[in-house]
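# A look at the structure
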Amino acid sequence: MGLCLLTGKKGKFVKSHIIPKSLTRPSKAGNKFLQPAAGSTTVRLIKRADSWYDKSIVIREGEDYLSEIDSYAIDELRAQGLLWSSDKLRKPATDLINELTIVNFNEPLKIRKFFLSLLWRAAVSSLPEFVGVTLSKEQIEILRRIIIGEMDDKLSVFPIILIQLTGLGPTHNFVPIKLSFNGWEVYRFYMNGLIAHIHLQNPNLLALMNPVPSDHPTFLGTKQTIVHQVKTENSFQLSNLKKLLRNDVFINEKI
């Protein structure tokens, strides 16, 4: 029993995945995926059959909020071909390493709420893997109220950029990491071949002199969203995974 961090109500805590379980399953039933070890004094990966979950965040009602958000967003992201588990991956227009594609989400604010909910879960979790995700009490409260519908979402709050890895890669999980681009800080969330850069401030595009408004299609939330596409073999994600593995042979194991 405890106080639900999402609804503020007392009740019995339930298991809640930080990244939805359906996006963190092995590629084949019975196989394992790679995941950074918690509390390790050296950088290493372990094989797991399930991803991170916390039993001290939400009661049943709170988890129902999160499950509804997850279900809609994952179905839409798959339908748009942005996840490795999609029936058909969205292909880039050219063979360049980096490309752009325009995605017309049916309800873009629901997709945005999904990524905001991931940030909230990571920020309030007591799991050691997420100790690096820190927000102020005011920021956490804003996210909580947006998630349960007590507050309208504002695109200027945590602008989000999406990056798709265009080819299938090794099944693995990564905790969110904090990155800095010319002084702009973002939390980088990875799941199933899709990456979300959640900005902690209103960012400028590096190629432009003036700030980009939060309702620009560069950021998730408008009807048309510009999604960055990167070849998986040339991506930071795969490079980082190889660095952790320290051995390209291990990456080709059936996981």
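So, how was this worked out
- Residues numbered from 1 in each chain as written.
- Predicted model: local features only at pLDDT ≥ 70, side-chain atom pairs only at ≥ 80, totals over all residues.
- Heavy atoms only, no water.
- Core = buried A, V, L, I, M, F, W, Y, C linked by side-chain atoms within 4.5 Å.
- Buried < 20%, exposed > 50% of the residue type's maximum accessible area, 1.4 Å probe, protein only.
- Helix = DSSP H or I, 4+ residues; strand = E, 2+ residues; numbered from the N terminus.
- Contact = heavy atoms within 4.5 Å.
- Polar contact = N/O pair within 3.5 Å; in protein donor to acceptor, adjacent residues only side chain to side chain.
- Pairing = 2+ DSSP bridges.
- Phe/Tyr/Trp six-rings, centres within 6.5 Å; stacked < 30°, edge-to-face > 60°.
- Lys NZ or Arg CZ within 6 Å of the ring centre and 35° of its normal.

### Here we look at the nonpolar core
Among the nonpolar cores identified, the biggest contains 51 residues, and L77, F114, F115, L119, W120, F158 and F189 are the most heavily contacted of them. Going through the elements one at a time, β6 (53–59), α1 (60–79), α2 (108–124), α3 (137–147), β8 (160–165), β10 (184–191) and β11 (194–199) are the ones with two or more residues in this core. If one sorts the elements of this core by residue count, α2 sits on top with 10 residues. Excluding residues within four positions of it along the chain, F158 makes contact with R112, L116, L119, L135, Q139, L143, I198, H199 and L200. W84, I163, I195 and V230 belong to the second largest nonpolar core, which has 8 residues in total.

### As for the side chain of K231
Structurally, K231 can be placed in the loop between β12 (224–230) and α4 (236–245). Polar side-chain contacts of K231 include one of 2.9 Å to the backbone oxygen of D95. Setting aside residues no more than four positions away along its own chain, K231 makes contact with D95, L96, I97 and T166.

### Remarks on the pairing of β10
Counting buried positions along β10 gives 6 out of 8 residues, so the element sits mostly inside the fold. Summarising the sheet, strand β9 (residues 177–181) and β10 pair through 5 bridges and their orientation is antiparallel. The residue of β10 that forms the bridge with K178 is Y187. Counting the residues that bridge the hairpin from β9 to β10 gives 2 residues, and of these N182 lies at a positive phi of roughly 50°. With 6 bridges connecting them, β10 and β11 associate as antiparallel partners. Residue pairing in the sheet places M191 in a bridge with L194 of β11. Once β10 ends, the chain turns through 2 residues before running back antiparallel as β11, passing N192 with a positive phi of about 50°.

### Details of the packing of aromatic side chains
Enumeration according to the criterion identifies 3 aromatic pairs in this entry. Here the aromatic rings of W84 and Y190 are separated by 6.3 Å at their centres, their planes lie at 70°, and the arrangement is edge-to-face. Within this pair, whereas W84 is found in the loop between α1 and β7 (98–104), its partner Y190 is found in strand β10, the two being separated by 106 residues in sequence. Judged by relative accessible area, Y190 falls into the buried class, the value being 3%. Seen in terms of ring centroids, F114 and F115 are 4.9 Å apart; in terms of plane orientation they differ by 65°. Their pairing is edge-to-face. Like F114, the residue F115 is buried in the burial classification. In this arrangement the basic side chain of K15 is found over the ring face of Y53, its NZ or CZ atom lying 4.4 Å from the centre. Here K110 stacks its cationic end above the ring of Y72, 4.7 Å away from the centre of that ring.

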